[in-house]
Amino acid sequence: MDRTAPLGNTEQEGNNILASFNYEPAEIEKGYTDRVLYLNISENSFKAKQIPEKMKDLFVGGKGYGLKLLWDAVGPDTGWNNADNEFIVSPGPVCGTTQYPGCGKSIVVTLSPLTGTAIDSNVGGYFGPFLKCAGWDALEIQGKSEKDVIIFIDGDEGHIDIMEDYLTDSDSHLVAAKLTEDLARNEEDKPNIAVISSGRGGENSFWGMVNFSLFDRRRKDVRLKQAGRGGTGTVLRDKGIKAIVVRSSKFLGNMNHPENPSHVKDLGMKVHREIFRLDNKQIKMRKSGTSFLVELCNKHELLPVNNYKYGSHPEHYKIRREIWEQRFTQGIPDGCWYGCTIQCAKAVDGFTLKTGPYKGEKVIVDGPEYETIGALGSNCGIFDPDHILEANFYCDTYGLDTIGVGTGTAFVMECYELGILDREKTGGLELNFGNKDAAMALLHQIAEGSGFGKIAGLGIKKMKKYFIREFGADPAILKDIGMETKGLEYSEYVTKDCISQQAGYAMANKGPQHDETWMMGMEVINRELKTLGDKVEAIYWFSLFRTWFSLNGTCKMPWADIVPEDNYLQPNASRVPEHVNNLIELYSAVTGKPLTEEGMLRQSERVHNLQRTLNIKMGIWGKEKDQPPYRAMGPVTEEEYLYRREYYDSMIKNEIGKIPDTMNLSDKIALVREHKEKNYTLLQQMIYRKRGWNEDGIPTVETLNKLGIADNDLVETVERALSLSSAR
């Protein structure tokens, strides 16, 4: 087809089409199309790749597909900004279901600029389900374009355009709105358009993230959901991709053509009724999203304050749930996919910006969620909801990860207060905890790649090296307070009292993100995990179970955030067994494949070990790579110890068997550290053994064989690492 403009309302503009492809959209059958859309934007080439049955059986979809495609594409020397790196989006077999809540998730997979290995980031919005409706189980993009491009996948027409970027704006709220306007056939077609984009933050920092759009029918405007972690937007913009757009008007209630549509409907109705009946009695997710966690975390010393020094603050009430409930627009369905009655994707309408390039404009702010409140607020010593909203909006439109920016800013603030940084080094920014004006100025600099923001935007791992090299900073203190593992910044929980979450964070394959394990409820709040053995079993089960969501395109909220009234009476109540069974039945009703809880965990375990082996392939292995910074474990400074003196003195007396009254403060801090590090090492080795890994966290060949993934390239990778490990 010889065309000079994309389909939609831009025909008359004469946009430069670099390549066009026609295809026959595959039908979805039992949750799958069995095809991958492969695009190479160095060559502007297209390929429809058939998914082998073995790949489908072993890796399921979503994150599993993304990691397998990435494994096949990259070598040990592939850098994040190499043309061979891939940007992959995969929704999973259950994604797109509208009868059961929370089934609109997609997974973005790529090599991270922060970690140098695979990052997977889950995201709502309409792109994933529409991609599947357009005939694809995954989108796999390789190569780098010499000029910025826009990719348009028209699922209605069976047509793909790679076009030269014609937009004058780069920030996501404008890019998504403009492309929705341009590529929709008419007003009624706008809800059928979904856009992936980043922004200037993706161009200028390693914290770049990608936004997935949805057109809000009631607001008649575009909203954004984020694949936030690991620099996904940095990769997108480095490849020269301004945006990826998909159109599909074909989705219906049974778009997945499930094996048993009536059972899918029955399961969904059961959970919908439960949500309507119980949400207002439990955590009020439909009114306040995840902001309820502020008060809960503050109560249990889990709320990050001043770079995770403290777990609570007397001013937390200024950013607790009631504050956000008043600001969130109520009475409008706020799901990030059709049919989700959890409605946690809250928004603030008509917020007037006070700073930056859009100062004075009224905008929609998507969120904030708890992580953003903690990151941009309390962790920086800031308890101003208007500041959090403004920073939230700018992070989103700039394409910046709120967790990375917030945790990174908190680290910079502590370095400033320790004297490692000063006004001269920061270009005049007085980056004390609580200085919201300086924090906002730094955010804008990060997005622009200017001033001190250019250094901060490298991420904590690279900042530590820079501060040591350029400013003579003490490596030991930076190691203790720089809240990153494997290069990824910590999300927003203080884990000093929760050794299971210390391990859950630091031992996560991609780095410290809470989607794989959230152990604070069991260990800290409910006090269920009495022994290290209990903790090992819980970490093993939950890390695999929570991985399963990312394989299938489902959200964890309907599983654990609203629970049956009699759940507390059930064995293993923290697992919410009735909801686990719902998900097993949902998977089988969609795919037609029988599944048990053991089979569910085995699906995840294969993907978990594939990702672990990919880390090894990329040179990320060894028990030291699974070690948290000490700030995640215990008190680094005297003020931290004194803040909870009674607690730590009791630990010395009752757990260590010493008398704290006879010791000076520095000796007590050292003794607590020795105790905590010894326990962590013991727990780490117990988890390795449970997972079938050696003492350096390397899967054994026997483990790969047990899981059915002992292909030659995986076996060769672990054998080389096992040999090196034994020689250490």
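Details of the structure are given in the entry above.
Criteria and thresholds
- Residues numbered from 1 in each chain as written.
- Predicted model: local features only at pLDDT ≥ 70, side-chain atom pairs only at ≥ 80, totals over all residues.
- Heavy atoms only, no water.
- Axes fitted to C-alpha atoms, helices over the stretch in contact; angles between N-to-C directions.
- Helix = DSSP H or I, 4+ residues; strand = E, 2+ residues; numbered from the N terminus.
- Parallel < 35°, antiparallel > 145°, perpendicular 65-115°, else oblique.
- Contact = heavy atoms within 4.5 Å.
- Nonpolar A, V, L, I, M, F, W, Y, C, P; charged D, E, K, R; others polar.
- Pairing = 2+ DSSP bridges.
- Buried < 20%, exposed > 50% of the residue type's maximum accessible area, 1.4 Å probe, protein only.
- Left-handed = near helix turned anticlockwise from the far one by under 90°.
- Expected span 1.5 Å × (residues − 1).
- Polar contact = N/O pair within 3.5 Å; in protein donor to acceptor, adjacent residues only side chain to side chain.
- Phe/Tyr/Trp six-rings, centres within 6.5 Å; stacked < 30°, edge-to-face > 60°.
- Lys NZ or Arg CZ within 6 Å of the ring centre and 35° of its normal.

Chemist: How would you summarise the packing of helix H12 (residues 385–398) against helix H14 (residues 436–448) if you had to cite specific residues and measurements?
Modeler: The description of two packed helices rests on the angle between their axes and on the distance between the axes. Look at H12 against H14: their axes get within 11 Å of each other, and the N-to-C directions meet at 5°. Classified by the angle between their axes, H12 and H14 sit roughly parallel to one another. The residues of H14 that touch H12, namely those facing His387, Glu390, Ala391, Tyr394, Cys395 and Tyr398, are Lys436, Ala439, Met440, Leu443, His444 and Ala447. Residue composition of the contact of H12 with H14, by class: eight nonpolar, two polar and two charged.

Chemist: Can you lay out the sheet that holds strand S2 (residues 35–40) for me, pointing to particular residues and giving the numbers?
Modeler: The strand order across the open sheet built from six strands is S3-S2-S7-S4-S5-S6, with neighbouring strands paired in mixed fashion. Edge positions in the sheet fall to strand S3 (45–50) and strand S6 (118–123), since each has one partner strand and no second. Across the sheet, the mean angle separating the axes of adjacent strands is 15° when strand polarity is ignored.

Chemist: Which residues make up the pairing of S6, and what values do they have?
Modeler: Extensive coverage of S6 is indicated by the burial of five of its six residues. The loop that links strand S5 (residues 106–111) with its antiparallel partner S6 comprises six residues; one of these, Gly116, has a positive phi angle of about 80°.

Chemist: Describe the sheet that holds strand S1 (residues 17–22), listing the residues and the values that go with them.
Modeler: Across a sheet, paired strands are connected by hydrogen bonds in the backbone, their directions being either parallel or antiparallel. As summarised here, the arrangement of the seven strands in space is S1-S9-S8-S13-S10-S11-S12, forming an open sheet in which the pairing is mixed. Two strands bound the open sheet, and with one partner strand each, they are S1 and strand S12 (221–227). Taking each pair of neighbouring strands and ignoring which way they run, the sheet shows an average axis angle of 15°. Across two bridges, strand S10 (residues 193–197) lies against strand S11 (residues 210–216) in antiparallel orientation. Looking at S11, one finds that Ser197 is bridged to Asn211.

Chemist: Tell me what's going on with the packing of helix H23 (residues 597–617) against helix H28 (residues 712–726), and back it up with residues and numbers.
Modeler: The interhelical angle for the contact between H23 and H28, taken along N-to-C directions, is 60°, at an axis separation of 10 Å. Taken together, the axis directions place H23 and H28 in an arrangement best described as oblique. Crossing angle aside, the handedness with which H23 passes H28 is left-handed. Contacts from Leu610, Thr613, Ile616 and Lys617 of H23 reach H28 at Leu714, Thr717, Val718 and Ala721. Counted by class, the contact of H23 with H28 contains five nonpolar, two polar and one charged residues.

Chemist: Run through helix H13 (residues 402–417), naming residues and quoting values.
Modeler: In this model H13 runs 22 Å from its N-terminal to its C-terminal C-alpha over 16 residues, within 8% of the 22 Å that 1.5 Å per residue would give. Burial runs high along H13: 15 of the 16 residues are buried. Its side-chain oxygen 3.0 Å from the backbone nitrogen of Ile403, Asp401 forms the N-cap of H13. Just downstream of H13, Gly419 is the residue with a positive phi angle, here 85°.

Chemist: Report on helix H4 (residues 172–183), specifying residues and quantitative values.
Modeler: End to end, H4 covers 16 Å across 12 residues, agreeing with the expected 16 Å (1.5 Å per residue, within 8%). Within the span of H4, buried status applies to Ser172, His173, Val175, Ala176, Leu179, Thr180, Asp182 and Leu183. Taken together, the buried residues of H4 touch strand S8 (149–154), S10, S11, S12, strand S13 (241–247) and H12.

Chemist: Residues and numbers for the packing of aromatic side chains, please.
Modeler: The full count for this structure, using the stated rule, is 34 aromatic pairs. Ring centres of Phe542 and Trp559 lie 6.3 Å apart, and the angle between their planes is 45°; on these two criteria the pair is classed as tilted. Of this pair, Phe542 sits in helix H20 (residues 532–552) while Trp559 sits in helix H21 (residues 557–560), placing them 17 residues apart in sequence. Residue Phe542 is classed as buried on the basis of its relative accessible area of 6%. Given a relative accessible area of 3%, Trp559 falls into the buried group. When the ring centre of Tyr38 is taken as reference, the NZ or CZ atom of Lys47 above it lies at 5.7 Å. In this structure, Arg673 is placed above the aromatic ring of Tyr630, and the distance from its NZ or CZ to the ring centre is 4.2 Å.

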